[in-house]
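Examining the three-dimensional arrangement
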Amino acid sequence: MPDLLTQTTLKGQALIEQSGLLPGSPNVWQSLIHKPLFGLLLTLVIFQLALWFYNWCGRKAFVHPVAVSSVAIAALLKLSGISYSEYVDGNGLLYFLLGPTTVALAIPLYKEFHHIRKLALPIVLTVIFGGAFAAASAVGIAWFMGSDEQVLLSLAPKSVTTPIAIGVAENIGGLATLTTGVVVFTGVIGVLLSPLVFYLLQLRDPRQQGMILGLNAHGIGTARAFELNPTSGAFATLAMGLNGAFTALTLPYIIPLF
Amino acid sequence: MLKALIALLFFQLCGETLVSVLHSPIPGPVAGMLLLWIALAIKGGPSKDLDQVSHTLIQYLSLFFLPAGVGLFFLPASVQQYWPAILAAMLVGTLASMLFSGFLMKRLSAKKAGAE
C-alpha cells in the first residue's frame, strides 16, 4: 500500500514538473530566466536596491550603485547559469538610452556656459594634458606589469566615455569587451577616489571638482558631479566631452608611433 | 515628454549622419550634443519639457553603463591572466591622473584669477 502511494505521488510530481505549473519546477524557472525581459528587469531591480542602499549610506562614494550592483548582477548570472551575451542582449534598451542622454547633456552645458567661458583656457589645457596623462599612466603601469599588446591598447581609452572608448579601441586594435568593462570601472574607481583626491589637493571649488570627475571618470563621474552641484555637473559634462573628442581625434594617430 | 524625446533623437540622428558623412572618429551622440547646444544658443534656451526630460535621463546616466560594467566579470580566458595589471592600471593610473589633472586645474585657475 505505501508503495503504491509513493508511486502515485512521484507520478503526479513528474506530471506537474512536465506541465511547468510549479514555480519550483525547472521548466518554468528555465523559461523565465532565459526571457530577454529577465535580464533587463534584473538590472533595474538590482540598481534600484543599490540606489536605496546608496542613499541610506548618505551617498558615500564607496557604495556607488554601479559598483555594488555590477558585482551583485555578475554573481547572480554566474549562479543561475545565464551567459553574459544573453544578459547584454536583454539590456539593449539601456544601451540605446545612452545616446539620447549624451545629447541631453547639451542642456546643462548651455545653462552653465557663463561659468565655463570664464575658465576656457585652464579647462582646455587641463583636458589636453590631463587626458594624455590618464591614457599614458594606465598604459605605462600595465606595460610595466607585463601585459600583452592587446590589453595595452584596450586600456588606452580608459578615461573616455564608453561610446567613444569602444570606437577608439576598435580603431586601434583593442578588445571592445575589455575596454567597455575597464571604462565603466575606471568611472566607478574615479568616483570612489574623488573624496580622497579632493582632500589631498584641498579642492573645494565645485567647478574644479566637476572638471576632475568628468575628465577622469567620464559619464559615471559626471553623474556623481550632478549629485554634488549643477555647476559641477556642467563642468564634468564639458570635461568629458572635450576629453572624448580629444582622445578620439589623437589616439588613433599616436598609437602607430610606438 | 514625447516632444523632448523627438528633439533628442532628432539631434542624435543629425549628429550620427554628420559624423558618417565627415568620416569623423567622434561618436554620433557627442556630435548631436554639440548640434543641440548650438540650436539652444540660437533659440535662447530649452523648453520646460526638454529641460525636465533631460534632467531625468541624466539622473540615470550611470544606470545606462551598468550592463557594460558587468562585462568585466566575464572576460575571455586569454585576458584573465592580466587581471593584476588591469586592476593596477585602473586603480593607480586613475589616482595618479586625478591628482595630476586636479593639481593642473587648480594652478591654472589660480593664475587666471590672479591675472584678472
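Residues numbered from 1 in each chain as written. Chains lettered and ligands numbered in written order. Predicted model: local features only at pLDDT ≥ 70, side-chain atom pairs only at ≥ 80, totals over all residues.

**Topic: the overall build of chain A**
In terms of regular secondary structure, chain A is built from 14 helices and 0 strands. Along chain A, helices and strands appear, N-terminal first, in the series α-α-α-α-α-α-α-α-α-α-α-α-α-α. The 258 residues of chain A split such that 49% are buried. If you take every contact in chain A between residues at least 6 apart in sequence, the share linking residues at least 24 apart comes to 60%. (Helix = DSSP H or I, 4+ residues; strand = E, 2+ residues; numbered from the N terminus. Buried ≥ 20, exposed ≤ 12 C-beta atoms within 10 Å, placed from the backbone. Contact = placed C-beta atoms within 7 Å.)

**With respect to the domain arrangement of chain A**
All names here are of chain A. Partitioning chain A into structural domains gives domain 1 (34-98) and domain 2 (105-258). Once you take the C-alpha centre of each, domain 1 and domain 2 turn out to be 23 Å apart. With 7 residues of domain 1 in contact, the opposing surface of domain 2 contributes 10 residues. (Domains from an automatic or database assignment.)

**Details of the UniProt feature "transmembrane region" (unreviewed entry) in chain B**
Residue and element names in this part refer to chain B. In the numbering used here, UniProt assigns the feature "transmembrane region" (unreviewed entry) to residues 25-45, 57-76 and 82-104. Helix makes up 40% of residues 57-76 and strand 0%, and the two end C-alpha atoms of the span are 32 Å apart. Helix makes up 96% of residues 82-104 and strand 0%, with an end-to-end C-alpha separation of 32 Å. (UniProt positions renumbered as here; feature names shortened; annotations may be inferred.)

**What to know about the UniProt feature "transmembrane region" (unreviewed entry) in chain A**
Residue and element names in this part refer to chain A. The UniProt feature table records "transmembrane region" (unreviewed entry) at residues 37-54, 61-80, 92-110, 119-145, 182-201 and 234-255. End C-alpha to end C-alpha, residues 92-110 measures 29 Å, and it is 95% helix and 0% strand. Helix makes up 100% of residues 182-201 and strand makes up 0%, while its end C-alpha atoms are separated by 26 Å.

**Regarding the interface of chain B and chain A**
Across the boundary between the two partners, chain B contributes 64 residues, which contact 85 residues of chain A. Contributions of two or more residues to the side of chain B that touches chain A are made by α1 (2-22), α2 (28-43), α3 (48-59), α4 (66-70) and α6 (83-115) of chain B. Considering every element that reaches the side of chain B that touches chain A, the biggest residue donor is α6 of chain B, with 25 residues. Its residues assigned to classes, the side of chain B that touches chain A comprises 49 nonpolar, 12 polar and 3 charged. (Nonpolar A, V, L, I, M, F, W, Y, C, P; charged D, E, K, R; others polar.)

**A look at the domain arrangement of chain B**
Domain annotation for chain B reports domain 1 (1-64) and domain 2 (81-116). Taking only C-alpha atoms into account, the centre of domain 1 of chain B sits 29 Å from that of domain 2 of chain B.

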